[in-house]
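# Tertiary structure, described
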Amino acid sequence: MTFNYTPYGVCSRQITVDVNENDNTINSVSFVGGCNGNLKGISALVKGKDIDEVISTLKGIDCNFKGTSCPDQLAQALEEIKEEL
């Protein structure tokens, strides 16, 4: 199942997450905007991982004292996705 999330407080403008509903793992993640290379790296690292594992790893990461970051926004998106599954 594919979900779109609009992040706030960061450079990226959209996060698209495809989740395997059978086992709550991430099939793919893509970002629009933001630091292209870093976000491709994050996307590659979370592929195949359990949603809860990714949330616990990425939640709370801060970028330049913004109070959030693209990884943190991905964690927030995944928390919303969990509620819908």
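Residues numbered from 1 in each chain as written. Predicted model: local features only at pLDDT ≥ 70, side-chain atom pairs only at ≥ 80, totals over all residues. Heavy atoms only, no water.

## Thoughts on the pairing of strand β2 (residues 12-20)
For clarity, the cut-off: Here a strand pair is declared whenever DSSP counts at least two bridges between the two strands. For helices the rule is a DSSP run of H or I covering at least 4 residues; for strands it is a run of E covering at least 2, with both sets numbered from the N terminus onward.
Where strand β1 (residues 2-5) lies against β2, four bridges are found, and the strand directions are antiparallel. Each bridged residue has a counterpart across the sheet, and for F3 the counterpart in β2 is V17. Counting the residues in the hairpin turn of β2 and strand β3 (residues 25-33) gives four residues, including N24, whose phi is positive at 55 degrees.

## Considering the packing of helix α2 (residues 51-58) against helix α3 (residues 70-84)
To keep it simple, the criterion reads: All axes here are fitted lines through C-alpha atoms, helices being fitted over the stretch that makes contact, and every angle between N-to-C directions spans 0 to 180 degrees. Note: crossing handedness is left-handed where the near helix turns anticlockwise from the far helix by less than a right angle, and right-handed where it turns clockwise. Contact definition: two residues touch when any of their heavy atoms are within 4.5 Å. In this count, Pro and Cys sit with the nonpolar residues alongside Ala, Val, Leu, Ile, Met, Phe, Trp and Tyr, while Asp, Glu, Lys and Arg are called charged and the others, Gly among them, polar.
Between α2 and α3, the least distance of the axes is 8 Å, while the angle of their chain directions is 145 degrees. Here α2 and α3 pass one another in a crossing that is left-handed. Residues I51, D52, V54, I55 and L58 of α2 lie in contact with α3, whose contacting residues are P71, D72, L74, A75, L78, E79, I81 and K82. For the contact of α2 with α3, the per-class residue count stands at nine nonpolar, no polar and four charged.

## Focus on the sheet that holds β3
The antiparallel open sheet is built from three strands, whose spatial order is β1-β2-β3. With partners counted over all chains shown, the strands left at the sheet margins are β1 and β3, one partner each. Going across the sheet, the axis of each strand differs from the next one's by a mean of 15 degrees, ignoring polarity. Against the sheet, helix α1 (residues 36-46) engages β2 and β3, with an angle of about 170 degrees to β3. α3 contacts β1, β2 and β3 of the sheet and is inclined by roughly 45 degrees relative to β2.

## Here we look at the environment of F3
You can see F3 is positioned in strand β1. As for F3 and A77, which are separated by 74 residues in sequence, their C-alpha atoms are 8.7 Å apart. In this structure F3 touches I15, T16, V17, V19, I81, E84 and L85, once residues within four positions along its chain are discounted.

## With respect to the nonpolar core
In plain terms, the rule: Throughout, nonpolar core names a set of buried Ala, Val, Leu, Ile, Met, Phe, Trp, Tyr and Cys residues whose side chains join them through atoms within 4.5 Å. Residue burial is assigned from relative accessible area. The probe radius is 1.4 Å, only protein chains are included, and a residue is buried under 20% of its type maximum, exposed over 50%, and partly exposed in between.
One finds V17, I26, V29, V46, L74 and L78 to be the most contacted residues of the largest nonpolar core, which totals 22 residues. Of all the secondary-structure elements, those providing two or more residues to this core are β1, β2, β3, α1, α2 and α3. The greatest single-element share of this core, amounting to six residues, is contributed by α3. Beyond its immediate stretch of four places on either side in the chain, V46 contacts I26, V29, V54, L58 and L74.

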